[in-house]
Amino acid sequence: MNGICKNIPRAANQGLAGCHVCEKVSLISAVNCPRCGTHLHFRKPDSINRTIALMIAAAIMYIPANILPIMSIRELGVTTESTIVTGLIQFWEARSYPIAIVIFSASILIPLLKIFALIWLCAAAKGIVPHSAKILGKVYWITELLGRWSMVDIFVVAILVTMVQLGNYMVVTPGPGALAFAGVVILTMFAAMSFDPKLLWDQLEREAAEAESEKNTERE
Amino acid sequence: MWYRRFGAVDTTSRSNEITRKKLRTRLSILSWPKPKGGPHHAVCHFCDTLHVAEPIPEGSRVDCICCGATLFQNRSASLVRVTAFSVTALFLMLVVHSAPFISMDAGGMRTVLTLPGAAKALIDDGSLIVGCGVALFTIVTPLILSGGLVYVCGPLLFGKSAPGAKMVTRWMSRTEPWNMIEVFLLGVLVSLLKLGHLAELHFGVGFWAFAALMFCMAAAVAAIDKRELWDRLEVAGAP
């Protein structure tokens, strides 16, 4: 199979598990880690099911997050509601391209890419699509690393709500979209945390074993 | 044997070798100790490959032989650095919360931004959950992280473990992904650009303290390998 490391021992095959918290390697029969007391398991429990469930929730939340206003601005008695996309267009029209790109990647691109990347990872771990575990491992690592940066939009709302309190002149209040968007970010972060990249290698191992047995039966 | 050995990647430069050696002998108690027993193993987080984790020189790193992800690294002067940076971070947090962050003059009025103020404004305007989230990600988690690092690593400098150190360390590894100081700083920059044409903005001491806090937190967290911290706790005899 592509990219599988041959003749290298994997911890689970030896009955050993690395603790998720303190990284001590101990026999799975110990049940709890002898060093830090965390429950030991070979793979994150129910990894793919949990990831998919959290991701579906995130995908559903993504719709109100983009439709509902994340904040409303009342300027001289006139109220305008601003969604993520309109905020982005404002920056683009004001010719602040770098900041528009930052906002675009943090609040639209990263959540979408994250959802797609996790679907891809789950499909690969289930063996639905062929994959190279090395590359997908990197994809997972990046997904986990970038997730937090989507929160920037929520912080911008928080800062504007605090600072733009100018009585009759201009007032900013948070909108329901902010809650939905924060939900998307938190759910995708939990989804990424519950995925176990070791499953990608398990799938490759399974495929290699199947190919081996097929070869044997052909020979017979 | 069913495991394979591998070489460590040495990243130290030769010119630093002598000063490093001097430092190491002086701080001999401070280099990464290994708990009794062995051989010690390390499992790759990504591909589950089993390795034998042998002691490596300070400043070097070990990568997984199968997938190439970093297994662990032996940071030089790790404990001293963690303690120094996290103590600094705690002091900076005091400054961030007490000194003015950014103030804005517009239409004869002045508004001031503070971290708790941002969370409070959201809660007052009816976004209770988002407000609590902002408070959690920018105030509570950095406090748990840096306070926890001081509490755990300070006594470890003298080879002792503080009561409940293991519980605190567990909590730190749980809260680490939710520390969003650097994201908040990006948010500040974006909103400054949004407000820049609208009003006159003044950067307070709090803002610069916040930027420094971001660096200190990042340096403190990166200064020690998780595995080293737990090994040290085990050697110090934490219950």
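Residues numbered from 1 in each chain as written. Chains lettered and ligands numbered in written order. Predicted model: local features only at pLDDT ≥ 70, side-chain atom pairs only at ≥ 80, totals over all residues.

**A short note on the overall build of chain B**
Item 1. Helix and strand content of chain B: eight helices and eight strands.
Item 2. Within chain B, buried positions represent 37% of all 239 residues.
Item 3. Counting contacts in chain B only where the partners sit at least 6 residues apart, residues at least 24 apart contribute 68% of the total. (Helix = DSSP H or I, 4+ residues; strand = E, 2+ residues; numbered from the N terminus. Buried ≥ 20, exposed ≤ 12 C-beta atoms within 10 Å, placed from the backbone. Contact = placed C-beta atoms within 7 Å.)

**Side note on the nonpolar core**
Item 1. Ranked by internal contacts, the top residues of the largest apolar core, which has 119 residues, are Ile154, Phe155 and Phe181 of chain A together with Leu213 of chain B.
Item 2. Residue contributions to this core peak at twelve residues, all from helix α6 (residues 176-194) of chain A.
Item 3. The contacts of Ile154 of chain A, once residues within four sequence positions are left out, are Ala178, Phe181 and Ala182 of chain A together with Val130 and Val134 of chain B. (Core = buried A, V, L, I, M, F, W, Y, C linked by C-beta atoms within 7 Å.)

**Quick word on the packing of helix α2 (residues 78-98) of chain B against helix α7 (residues 205-222) of chain B**
Angle between the axes and distance between the axes: these two values describe a pair of packed helices.
All names here are of chain B.
Item 1. At their nearest, the axes of α2 and α7 sit 8 Å apart, and the two run at 155° to each other. Comparing the axis directions of α2 and α7 gives the class roughly antiparallel. Seen along the crossing, α2 lies across α7 with a hand that is left-handed. When α2 is examined against α7, the residues Val82, Phe85, Ser86, Thr88, Ala89, Leu92, Met93, Val95 and Val96 are found in contact with a partner set consisting of Val205, Gly206, Ala209, Phe210, Ala212, Leu213, Cys216, Met217, Ala219 and Ala220. (Axes fitted to C-alpha atoms, helices over the stretch in contact; angles between N-to-C directions. Parallel < 35°, antiparallel > 145°, perpendicular 65-115°, else oblique. Left-handed = near helix turned anticlockwise from the far one by under 90°.)

**Considering the confidence of the model for chain B**
Residues and elements named next belong to chain B.
Item 1. Of all residues in chain B, 87% have pLDDT values of 70 or greater, and the mean over the chain is 82.
Item 2. Confidence scores differ between elements of chain B, with strand β1 (residues 9-10) showing the lowest mean pLDDT of 42 and α7 the highest of 92.
Item 3. For residues 24-28, every residue scores under 50 in pLDDT, and the model assigns this stretch three contacts once sequence neighbours within four places are set aside.
Item 4. In the predicted assembly, ipTM is 0.87 and pTM is 0.85. (pLDDT = per-residue confidence, 0-100.)

**Things to note about the sheet that holds strand β6 (residues 102-106) of chain B**
Residue and element names in this part refer to chain B.
Item 1. The strand order across the open sheet formed by three strands is β7-β6-β8, and the pairing between neighbours is antiparallel. Looking at strand neighbours, the two that pair on one side only are β7 (109-113) and β8 (200-203), the edges of this open sheet. Strand-to-strand twist in this sheet, taken as the mean axis angle between neighbours without regard to direction, amounts to 20°.
Item 2. Here β6 runs beside β7; their pairing, made up of five bridges, is antiparallel. From the neighbouring strand, Ile102 faces β7, where its bridge partner is Leu113. (Pairing = 2+ DSSP bridges.)

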